[in-house]
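Summary of the model geometry
Here is what each chain is made of, one letter per residue.
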Amino acid sequence: MVRIKLAGLGVEIDTESEYIRKKCSDYIADFDAPDISIKVSEEEIEKEKALYPGFSRDYYEFVCAYRAICLKMPLFNRMLMHSVVIEADGRGYAFAAKSGVGKTTHMRMWLEAFGDSVTVINGDKPIYAFENGKITAYGTPWCGKEGYQKNRGTELRAICLIKRAEQNKIVPIKAKDAANQMFGQILIPKNEEEAIKTLDMCSELLEKIPVYEMHCNISKEAAIVAKTVLDKA
């Protein structure tokens, strides 16, 4: 059994996997009753293996466990959005894009440009919590192959949608256009109640958080251009 605190919730994973325990080591916690309890079946593991062959059984269980956890998150006003979250000078920024476009590369440009003033909260799969009129992005052990994560949250101030370009440019976009680009990065449960809650959170996200489109190349200048605009969000 592995017990962790995730985005402020007590989560219990019924597993014997030392791989999962090691991956979650920064999040191990004691609590009375868990908010979320999950157990991954062998059938789920085999399905994941068939889709993405070549990894260990423990890795497939780790992936399936997070999916099961995140499908329950909407019941607690939380959701998963595939993105990178950083904190720069105390302000939380999210970068979203299709896989392979360059979220992680852009994040590294921030680290190169601004050094210790930037903290990576999560490099791949953060949890977004909607509480007390604020939206907080939390780090998780599921953070991409680079392993960028912190066991804490940051209040979200802006979202930046990354696009490749030769010239660096960042512009605000309308909620409708942002929704069309972001929808594929959000985990939508099949359960009707949980799906509705997720869509409600998406609406709140777009109402409260400014969204920008960042056309950028692989350069430190791209991070400087982005931060200059995002700091005004």
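Anyway, here's the lowdown on the structure attached to this text. (Residues numbered from 1 in each chain as written. Predicted model: local features only at pLDDT ≥ 70, side-chain atom pairs only at ≥ 80, totals over all residues. Heavy atoms only, no water.)

**Re the overall build of the chain**
In plain terms, the rule: By the criteria applied, helices consist of DSSP H or I runs no shorter than four residues and strands consist of E runs no shorter than two, each listed in order from the N terminus. Type-normalised accessible area, obtained with a 1.4 Å probe on protein chains alone, sets the label of each residue: buried when under 20%, exposed when over 50%, and partly exposed for intermediate values. Residue contacts follow a heavy-atom distance rule, with two residues in contact if any of their heavy atoms lie within 4.5 Å. The method behind every accessible area is Shrake-Rupley, applied with a 1.4 Å probe, and residues are considered shielded solely by the protein chains displayed.
When you go through the chain residue by residue, the secondary structure sums to 7 helices and 12 strands. The principal-axis extent of the C-alpha atoms belonging to the chain is close to 50 × 35 × 35 Å. Across the 233 residues in the chain, those meeting the buried criterion constitute 48%. Pairs at least 24 residues apart make up 70% of the contacts formed inside the chain by residues separated by at least 6 positions. Counting every atom, the chain has about 11700 Å² of accessible surface; 49% of that belongs to carbon and sulfur.

**Observations regarding unusual backbone geometry**
Backbone geometry at Ala7 places phi at a positive 55°, although glycine is not the residue there. Take Ala7: it is sitting in the loop between β1 (2-6) and β2 (9-13). Residue Ala7 is classed as buried on the basis of its relative accessible area, which comes to 5%. Of note in the backbone geometry, Asn77 takes a positive phi value of approximately 55° without being a glycine. Tracing the backbone shows Asn77 in the loop between α3 (57-72) and β4 (78-80).

**Here's the deal with the pairing of β2**
Note on strand geometry: in a regular strand, side chains alternate between the two faces of the sheet. Quick reminder of the rule: In this analysis, strands are considered paired if DSSP registers two or more bridges between them.
Counting buried positions along β2 gives 5 out of 5 residues, so the element sits mostly inside the fold. The side-chain alternation of β2 yields two buried faces, one formed by Leu9, Val11 and Ile13 and the other by Gly10 and Glu12. With 5 bridges joining them, β1 and β2 adopt antiparallel strand pairing. Bridge assignment links Val2 to a residue of β2, and that residue is Ile13. Bridging between β2 and strand β3 (residues 36-38) involves 3 bridges; their strand directions are parallel.

**Things to note about the packing of aromatic side chains**
We apply this condition: Working definition: a ring pair exists when centres of Phe, Tyr or Trp rings (six-membered ring for Trp) sit within 6.5 Å. Plane angles under 30 degrees give stacked, over 60 give edge-to-face, the rest tilted.
Evaluation of the coordinates by the stated rule reveals 9 aromatic pairs. Relative to Phe62, the ring of Tyr19 has its centre 5.8 Å away and its plane inclined at 85°; by these criteria the two rings are edge-to-face. Placement of the pair is Tyr19 in helix α1 (residues 18-23) and Phe62 in helix α3, with a sequence separation of 43 residues. Aromatic pair Tyr93 and Trp110: ring centres 5.8 Å apart, planes at 55°, arrangement tilted. Of this pair, Tyr93 sits in strand β6 (residues 91-96) while Trp110 sits in helix α4 (residues 103-114); the two residues are 17 residues apart in sequence, bridging distant segments of the chain.

**Topic: the state of the cysteines**
Rules: Defined by distance alone, a disulfide is two cysteine sulfur atoms within 2.5 Å.
Applying the stated criterion across every chain yields a total of 0 disulfides. No disulfide involves Cys143; its sulfur sits 9.8 Å from that of Cys24, the nearest cysteine. Residue Cys143 is classed as buried on the basis of its relative accessible area, which comes to 7%. Note on Cys216: no disulfide assigned, nearest cysteine sulfur contributed by Cys160 at a separation of 7.3 Å. Judged by relative accessible area, Cys216 falls into the buried class, the value being 8%.

**Topic: the sheet that holds β2**
Convention followed: In this description, a line fitted to the C-alpha atoms serves as the axis of each element, helices being fitted only across the stretch in contact, and the angle between N-to-C directions of two axes falls anywhere from 0 to 180 degrees.
One open sheet accounts for 3 strands, arranged β1-β2-β3; its pairing is mixed. Lying at the two open borders of the sheet, with one neighbouring strand each, are β1 and β3. The average angle at which neighbouring strand axes cross in this sheet is 20°, direction not considered. Packing against the sheet, α3 makes contact with β1, β2 and β3, and its axis sits at approximately 145° to β3.

**Observations concerning the environment of Ile170**
In this structure, Ile170 sits in strand β11 (residues 169-172). In sequence terms Ile170 and Cys202 are 32 residues apart; their C-alpha atoms lie 22 Å from each other. What Ile170 contacts, discounting residues up to four positions off in sequence, is Cys160, Tyr212, Glu213, Met214, Val225, Ala226, Val229 and Leu230.

**A word on the nonpolar core**
The condition that has to hold: Think of a nonpolar core as a cluster: buried Ala, Val, Leu, Ile, Met, Phe, Trp, Tyr and Cys residues, connected wherever their side-chain atoms sit within 4.5 Å.
Among the nonpolar cores identified, the biggest contains 27 residues, and Ile4, Leu6, Ile13, Ile69 and Trp142 are the most heavily contacted of them. Of all elements in the fold, only β1, β2, β3, α3 and β8 (127-131) reach the threshold of two or more residues within this core. Ranked by the residues each element gives to this core, the list is headed by α3, at 7 residues. Beyond its immediate stretch of four places on either side in the chain, Trp142 contacts Ile4, Leu6, Ile13, Cys24, Phe62, Val63, Tyr66, Ile69, Asn122 and Lys125.

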